[in-house]
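Chain by chain, the residues:
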Amino acid sequence: MTHEKLTMAQALNRALRDAMAEDKTVLMFGEDVGPLGGVFRITDGLSAEFGEDRCFDTPLAESGIVGLAVGLAMNGMRPVVEMQFDAFAYPAFEQIVSHVAKMRNRTRGKVSVPMVIRVPYAGGIGGVEHHCDSSESYYAHTPGLHVVAPANAADAYGLLRAAIASPDPVVFLEPKKLYWSKEEVDLSAPVPGIGTAAVVREGTDATLIAYGPSVPVALEAAEVAATEGRSLQVVDLRSIVPFDDETVCAAVRSTGRAVVVAEATGFASVSSEIVARVTERCFHSLAAPVRRVTGFDIPFPPPKLEHFQLPGVDRVLDAVDDLQWEWS
Amino acid sequence: MTHEKLTMAQALNRALRDAMAEDKTVLMFGEDVGPLGGVFRITDGLSAEFGEDRCFDTPLAESGIVGLAVGLAMNGMRPVVEMQFDAFAYPAFEQIVSHVAKMRNRTRGKVSVPMVIRVPYAGGIGGVEHHCDSSESYYAHTPGLHVVAPANAADAYGLLRAAIASPDPVVFLEPKKLYWSKEEVDLSAPVPGIGTAAVVREGTDATLIAYGPSVPVALEAAEVAATEGRSLQVVDLRSIVPFDDETVCAAVRSTGRAVVVAEATGFASVSSEIVARVTERCFHSLAAPVRRVTGFDIPFPPPKLEHFQLPGVDRVLDAVDDLQWEWS
Amino acid sequence: MTRDPDLLLPSPEPVQLVDPQGRRGGGDTAYEMPGGDALVRAYAALVTSRRLNDQAYALVRQGRLAVYPSSHGQEACQVAAAQVLEERDWLFPTYRDTAAAVARGVDPVEVLVLLKGDWHSGYDPYERKVAPQATPLATQLLHAVGVAHAARLKGEDTVVMAMCGDGATSEGDFHEAMNFAAVFDAPVVFFVQNNEYAISVPLARQTVAPSLAHKGVGYGVPGERVDGNDAAALLSVLGAAVARARAGEGPQLVEAHTYRMQAHTNADDATRYRQDAEVRAWVERDPITRLEAYLRGQGLLDDAAVTAYAQEAERLAAHTREGLNVDVEPDPEDLFRHVYAEPTPQLCEQAAQVQDEISREGGAR
Amino acid sequence: MTRDPDLLLPSPEPVQLVDPQGRRGGGDTAYEMPGGDALVRAYAALVTSRRLNDQAYALVRQGRLAVYPSSHGQEACQVAAAQVLEERDWLFPTYRDTAAAVARGVDPVEVLVLLKGDWHSGYDPYERKVAPQATPLATQLLHAVGVAHAARLKGEDTVVMAMCGDGATSEGDFHEAMNFAAVFDAPVVFFVQNNEYAISVPLARQTVAPSLAHKGVGYGVPGERVDGNDAAALLSVLGAAVARARAGEGPQLVEAHTYRMQAHTNADDATRYRQDAEVRAWVERDPITRLEAYLRGQGLLDDAAVTAYAQEAERLAAHTREGLNVDVEPDPEDLFRHVYAEPTPQLCEQAAQVQDEISREGGAR
Ligand SMILES: Cc1ncc(C[n+]2csc(CCOP(=O)(O)OP(=O)(O)O)c2C)c(N)n1
Ligand SMILES: Cc1ncc(C[n+]2csc(CCOP(=O)(O)OP(=O)(O)O)c2C)c(N)n1
Ligand SMILES: [Mg+2]
Ligand SMILES: [Mg+2]
């Protein structure tokens, strides 16, 4: 047992270091990930430790970075690439959707392109436009990609190890605002498989379903609700694709009420999907329609206004109040 | 009244011609839209009639095409661009998401970029990979864009005129497989506003909600169901964003049961959104969970297998059978 | 900034070793005439490629292929691209480069699976080191750079031949691939077949540069131009580029000036955008008659050989016909099998639904 | 293919008219020394720009700005880009080109709204014909081409100055913008400030081309290189480029060789990737001291004038300080007001929810 207190940023850095040390084919590259160690320092020290061939800066072009990764993966490497910020992955969209996601299927499994596309994502850090997008829905809607988002340092370490080890491409979403939150991490703990959700707080009255940056919000809301005599269960998806229907539906059936909490714009999103599939599967266990607390259908606001966009504890509790308690 | 029998392709061509004749600032450009008239001939004759300055071919670069349109719109033009096929719009994703969708909001309304991005989309024509994607969910999830999809020639004409006249950017999705279906069109009929759905078949037992290429499928299913003694109502969304909650919810409340039919991959899609919002708004009118008949969560299949992916009449009727009739 | 522009700019005119009449020609050039064996091998492959193009075209009319983008007229490029490579090298073809893939040894029946519609790709890319034919323009060029860079990291002296058309050079991915290759010194030969059209759009709408080969200097990559209907010149110029790349001199750009003799595909109507006269003028520059004339003049080819190669080509055409006339029963399970290494629970549910539908078929309703 | 490569390649060395010591220098060049008035105007703007950079930097430390990408050391580029334009022309700045926008007449308080965080952009782009500062690299270059092409269609002789950095030239959009401008003969001057770094990535990792200006020939666009710390040379070279573009000679590419004296932004730690000695070496090449020395030598500037311009700059800095010290009460309604010309029914619902939350604040819970 090697317990350590680590921030999520440190846990991610450790995951990269441990994976690169174990497997020489693991490469880390992107913009400013070399000597600088990434604008969030997630790759700090890697180029020094493993050399310029293993962790390196590329010319400034995201389609190029992902396209290069496809070719490297075709020829035996396991690339991990960093998209500097969420919105700066958009130039790589064609490479991600038309090749990363489809190469295995196109070749009937002959060519696989295992790679991890790391995306520092979402808001809460007072960033200017293009630096705070929650872009998970674009990737989750694209078959052939796995999409994961850790909500704590331990999962960040475990999920990144699992993503690098995965035979399939993984879009790895890192909630920026959680980079600096410190926790106990057991680096020797078994790595959680991609595709498994976790009940991170037990509760009996209603279920909060969240992932990534929204999990701490859900947990805090449950804390407050408890003081008001309401017992809220919290499920952390951890993995958006594949989706853990079993855990989520068992949780919702146990309480009969649910609220989905997600930072992204709500329309045609991952949260729409959660509401849809939970309702399809748990309809007759539901005492009220599943509610959503999401970002509004607007471009991400400027720093001074972002607090209006981010799902907060009050908004979550308002949604819980909305779950037609008079019916029970 | 000027009734004419037109295919959807002809109706779109007429809409472009009439709009260009009325407004000198309307420009049409893209790949092969000049002398060739587009690979689907939607722009047939336009460069000859309006000259190379009004309808022209560009170098082969989709980000360039959309980025050029942004600049033209900033300087008083009303560009209409054609993305040759759905998957070939992906290189323009950054321009669409980070600029087309956001310019008005970024500048507090000072700079608007009215433009129409025409996308021949979806399957049913035996096309090879990259030529059959249903990409509406990517756009519908992006605030700042209007997203429309006609299902018949008359709406194709009316919606394209409305899209070109709109002060906002519109992603105009043209169902390829319907290009050649002929109908009576009244070109003098009032243009349907963007954002209005239509009940295209009355029914009392359940509501089918569809748009674009899935509307004819829904109508045919309703026809068959009628012979089996079941009365199905059909709603054609026409406009995905803005979404016509009023019409859709009124329809669903009137029947108490609903099936969403869409060709796109189901996960985190427009159909997820329809299920979610209809359930949120009509929960206590629903006798059964809203069902989805969508494409599977796989890359679009090769020609010989596409019929397994496309929602067909049988699959729709199976879903209708699933609506827990024993409960009523 | 390391490189001298003068060493990066292409020759003022496309390199030519054999003129359209089949005479040693093209004025002074440092490029050497390939040996007789190489030229005769190229001739045989040209005849096969032409026959394959015509056969595939016929198969579309017979409804066995959905569509076919023919390289008729561009066969010299197709053949040379494959012939200058070693077995350990890689070829990255586009949808139009069926003949190049076949010249590299891939079974045409497997290559044409894409256009037959049975699956997205029909051959194992690792068997002959031929990447899947790319449809999204210029995107494969970046994959080629990645494959080349991986080889260098592994200490292998592999060279990657990355093919694209004139239109594809306008895409951002062309730019990013050229630049990444240059910065990482990746052994890639970017081979642009300039056939003067991108579907209906003429080269003049694609660029106003002195030539496409002039794009190299902006990346620090040497560019060269070659007569794309002169197999001898192509073997020499592409061969030299491959040798430089293999020797560690980094990426190379070669533009071949050729012509698309047929419509973009059978679905296209070329009369809408170009004149017959223009097409006819290119018949005189046909790559096969030109090389045949030269080889006969050199006494390297006689009627007997010509007949023998024609029969070779006929055999391959027959094999292709037979292979494509076989109806493969599509298996819906395939739709769910290869999306991921292991199907997700959701995909298993969906595959089961399809199986259930099939089992119920012919039943009620 | 129209253009002669020799006319498209840049001069072997960056054009220089005034050397670092402030002497007429730079050897033989066809470019003429700008007139005294122009140089003095440039000097005044340089002093203002430097003061503005320092003021903005200070405002970050005081927490009035979230972050500031300073053009300290690049002021000559900032000033010249604005000064060579007519009122009817357009300027397309990046996040680093605050000083250029201000030199064009935009109120610094409005320009800095983006970094203050009140809104994404704070000025009316049509007032001074300055596009919103672009963050997604190279994307704005295509907008610049569109604005220029629209002007040509309207028969106006507008020129568009499109700015970007060395790193941005690696993006696909740079390639597509250069090519579109060339093919459509759009009057755009692509002005690349090569400050040797893209955040931490040195130019050598960005390109191995002889220079960034050499990228022009691949598009049929004339490229030129200029000393980016020599205001006189910048005015002359950019002025000539603007004149050619206005005269209908199509797009022009100008690379200015300069240096980013400070970290990428205050959030960046430059010590991780470059040496102090490198930075110090560039202090000698400072654009302001150089121009001041030259003007004094020419008797075009004296102590009184220097003091006057310094006071001018001080006034602007004070105005900027005051403006940014005003706390603007953010209005949540703005979030929903400008997504579309008319808010959708869904946005109206959402705006109402926020209003309801605000009205309930301090209430229960
Ligand atoms: C990104 C992308 N955009 C558009 C298309 C549609 N398309 C297929 S082939 C083609 C023309 C390509 O011309 P060129 O590169 O010269 O190759 P050629 O067909 O002449 O061999 C176009 C526009 C595509 N396949 N990919
Ligand atoms: C498409 C995109 N990718 C990444 C970034 C993040 N980023 C912001 S500035 C910068 C460096 C730009 O360098 P350069 O173009 O040389 O301009 P400079 O900052 O030196 O003025 C990067 C990588 C971005 N803004 N846009
Ligand atoms: Mg071509
Ligand atoms: Mg720079």
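The rules we used
Residues numbered from 1 in each chain as written. Chains lettered and ligands numbered in written order. Predicted model: local features only at pLDDT ≥ 70, side-chain atom pairs only at ≥ 80, totals over all residues. Heavy atoms only, no water. UniProt positions renumbered as here; feature names shortened; annotations may be inferred. Helix = DSSP H or I, 4+ residues; strand = E, 2+ residues; numbered from the N terminus. Rg over C-alpha atoms; globule rule 2.2 N^0.38 Å. Buried < 20%, exposed > 50% of the residue type's maximum accessible area, 1.4 Å probe, protein only. Contact = heavy atoms within 4.5 Å. Lys, Arg positive; Asp, Glu negative; His and termini not counted. Charge placed at Lys NZ, Arg CZ, Asp CG, Glu CD. Buried area = accessible area lost by both parts, 1.4 Å probe. Salt bridge = Lys/Arg side-chain N within 4 Å of Asp/Glu carboxyl O. Donors = N, O, S within 2.8 Å, 3.2 Å for Na, K, Ca; no water. Disulfide = S-S within 2.5 Å. Pairing = 2+ DSSP bridges. Axes fitted to C-alpha atoms, helices over the stretch in contact; angles between N-to-C directions. Polar contact = N/O pair within 3.5 Å; in protein donor to acceptor, adjacent residues only side chain to side chain. Least-squares fit on C-alpha atoms with pLDDT ≥ 70 in both. Near = heavy atom within 4 Å. Areas by Shrake-Rupley, 256 points an atom, 1.4 Å probe, with all protein chains shown as cover. Nonpolar A, V, L, I, M, F, W, Y, C, P; charged D, E, K, R; others polar. Left-handed = near helix turned anticlockwise from the far one by under 90°.

- If you look chain A up in an unreviewed UniProt entry, it shows as Alpha-ketoacid dehydrogenase subunit beta from Nocardioides koreensis.
- Listed under Cofactor (unreviewed entry) in UniProt, the entry text for chain A is "thiamine diphosphate".

As for the overall build of chain C
And step 1. Of the regular secondary structure elements, chain C holds 16 helices and seven strands.
And step 2. Here chain C has a C-alpha radius of gyration of 22 Å; the compact-globule value for 365 residues is 21 Å, and the two agree.
And step 3. Projected onto the principal axes, the alpha-carbon positions of chain C cover approximately 80 × 55 × 40 Å.
And step 4. Counting only residues that meet the buried cut, chain C has 63% of its 365 residues in that class.
And step 5. For chain C, contacts bridging at least 24 residues in sequence account for 75% of all contacts bridging at least 6.
And step 6. Between the averaged position of the 33 positive side-chain charges in chain C and that of its 53 negative side-chain charges there is a distance of 3 Å.

Concerning the interface of chain B and chain A
And step 1. The partner chain A presents 49 residues to the 49 residues of chain B that form the contact.
And step 2. For the pair chain B and chain A, the two sides together bury roughly 4,400 Å², of which 64% comes from carbon and sulfur.
And step 3. The largest per-residue losses of area from chain B upon contact with chain A belong to B:Tyr138, B:His141 and B:Phe267, which jointly make up 18% of the total buried on that side.
And step 4. Our count for the contact surface shared by chain B and chain A stands at six salt bridges.

Here's the deal with the coordination of the magnesium ion (ligand 4)
Residues and elements named next belong to chain D.
And step 1. Only Asp-166 (OD), Asn-195 (OD1) and Tyr-197 (O) from the protein reach the magnesium ion (ligand 4) as donors, at distances of 2.0 to 2.1 Å.
And step 2. One chain supplies every donor for the magnesium ion (ligand 4), spaced along it as D-x28-N-x1-Y. The residues Asn-195 and Tyr-197 share a single accessibility class, namely buried.

Here we look at the state of the cysteines
And step 1. All chains considered together, the criterion is met by zero disulfides over all chains.
And step 2. The thiol sulfur of A:Cys282 is not disulfide-bonded, and the nearest other cysteine sulfur, from A:Cys249, lies at 3.7 Å.
And step 3. A:Cys282 sits in the buried class, given a relative accessible area of 1%.
And step 4. Counting only cysteine sulfurs, D:Cys77 is the nearest neighbor of D:Cys164, a cysteine outside any disulfide, at a range of 12 Å.

Details of the coordination of the magnesium ion (ligand 3)
Residues and elements named next belong to chain C.
And step 1. Distances from the magnesium ion (ligand 3) to its protein donors, namely Asp-166 (OD), Asn-195 (OD1) and Tyr-197 (O), fall within the range 2.1 Å.
And step 2. As a motif over one chain, the donors of the magnesium ion (ligand 3) read D-x28-N-x1-Y. Of this pair, Asp-166 sits in the loop between β2 (160-165) and α9 (172-183) while Tyr-197 sits in strand β4 (residues 197-198), and the two are 31 residues apart along the sequence. Across the pair, exposure class does not vary: Asp-166 and Tyr-197 are buried alike.

Observations regarding the sheet that holds strand β1 (residues 90-92) of chain D
Residue and element names in this part refer to chain D.
And step 1. Pairing in this open sheet of five strands is parallel, and the strands run β1-β2-β3-β7-β6 from one edge to the other. Both edges of this open sheet fall to β1 and β6 (223-227), since each of them pairs with a single strand only. Looking at each pair of strands side by side, their axes are set apart by 20° on average, direction ignored.
And step 2. Strand direction decides the pairing type here: strand β2 (residues 160-165) and strand β3 (residues 188-194), joined by six bridges, are parallel. Across the sheet, residue Met-161 finds its bridge partner in β3, namely Val-189.
And step 3. Contacting β1, β2, β3 and β7 (252-257), helix α3 (residues 75-83) runs over the sheet at an angle of about 170° to β3.

Looking at the interface of chain D and chain A
And step 1. Between chain D and chain A, the residue contacts involve 37 residues of the former and 37 residues of the latter.
And step 2. Taking both partners together, chain D and chain A bury about 3,400 Å²; carbon and sulfur atoms supply 59% of that area.
And step 3. At the boundary of chain D and chain A, one finds four salt bridges.
And step 4. Of the charged contacts, one joins D:Glu357 and A:Arg315 as a salt bridge, the two residues approaching to 2.7 Å between their closest N and O atoms.
And step 5. Taken together, chain D and chain A are joined by 11 residue pairs in polar contact (both at pLDDT 80 or more).

A short note on the environment of C:Met178
Residues and elements named next belong to chain C.
And step 1. Here Met-178 lies in helix α9.
And step 2. In this structure the C-alpha to C-alpha distance between Met-178 and Gly-220, which are 42 residues apart in sequence, comes to 9.2 Å.
And step 3. Each residue touching Met-178, except ones within four places of it in the same chain, is listed here: Phe-190, Gly-216, Tyr-219, Val-221 and Leu-253.

Things to note about the relation of the copies chain B and chain A
And step 1. The two copies are related by a screw operation: chain B maps onto chain A through 180° of rotation and 0.0 Å of translation along the axis, at an RMSD of 0.0 Å. The two molecules are tied by a two-fold rotation axis, judged by turn and shift.
And step 2. A share of 100% of the interface residues of chain B reappears at the interface of chain A, consistent with the copies meeting face to face through the same patch.

Some remarks on the site of ligand 2
And step 1. Lining the immediate surroundings of ligand 2 are 21 residues, of which A:Glu62, D:Tyr95, D:Arg96, D:Asp166 and D:Tyr197 lie closest.
And step 2. At 2.8 Å, a side-chain N or O of D:Tyr95 approaches an oxygen atom of ligand 2.
And step 3. Take D:Arg96: an N or O atom from its side chain is 2.7 Å from an oxygen atom of ligand 2.
And step 4. If ligand 2 stood free it would expose 580 Å²; the protein chains cover 96% of that surface.
And step 5. Grouping the constituent residues of the shell around ligand 2 by class yields nine nonpolar, six polar and six charged.

Let's talk about the packing of helix α9 (residues 245-255) of chain B against helix α10 (residues 270-282) of chain B
All names here are of chain B.
And step 1. Interaxial distance between α9 and α10 falls to 10 Å at its minimum, and their mutual angle equals 65°. The crossing of α9 and α10 is right-handed. Counting all contacts with α9, which are made through Asp-245, Val-248, Cys-249, Val-252 and Arg-253, the residues of α10 involved are Arg-277, Val-278, Arg-281 and Cys-282.
And step 2. Class assignment for the residues of the contact of α9 with α10 results in five nonpolar, no polar and four charged.

Concerning the UniProt feature "domain: Transketolase-like pyrimidine-binding" (unreviewed entry) in chain A
And step 1. If you check UniProt for "domain: Transketolase-like pyrimidine-binding" (unreviewed entry), the listed places come out as residues 6-181 of chain A in our numbering.
And step 2. Measuring from the first to the last C-alpha atom of residues 6-181 of chain A gives 8 Å, for a span that is 36% helix and 17% strand.

Looking at the sheet that holds strand β2 (residues 26-30) of chain B
All names here are of chain B.
And step 1. The strand order β3-β2-β4-β5-β7-β6-β12 describes an open sheet built from seven strands, whose pairing is mixed. Every interior strand has two partners, whereas the edge strands, β3 (55-57) and β12 (239-241), have only one. If you compare each strand with its neighbour and ignore which way they point, the axes differ by 20° on average.
And step 2. Bridge analysis of strand β6 (residues 146-148) against strand β7 (residues 170-175) gives three bridges, and the strand direction is parallel. The residue of β7 that forms the bridge with Val-147 is Val-171.
And step 3. Relative to β2, helix α1 (residues 8-22) is tilted by about 135°, and along the sheet it contacts β2, β3, β4 (78-82), β5 (116-121) and β7.
And step 4. On the sheet, helix α7 (residues 153-165) packs against β2, β4, β5 and β7 and is oriented at approximately 160° with respect to β7.

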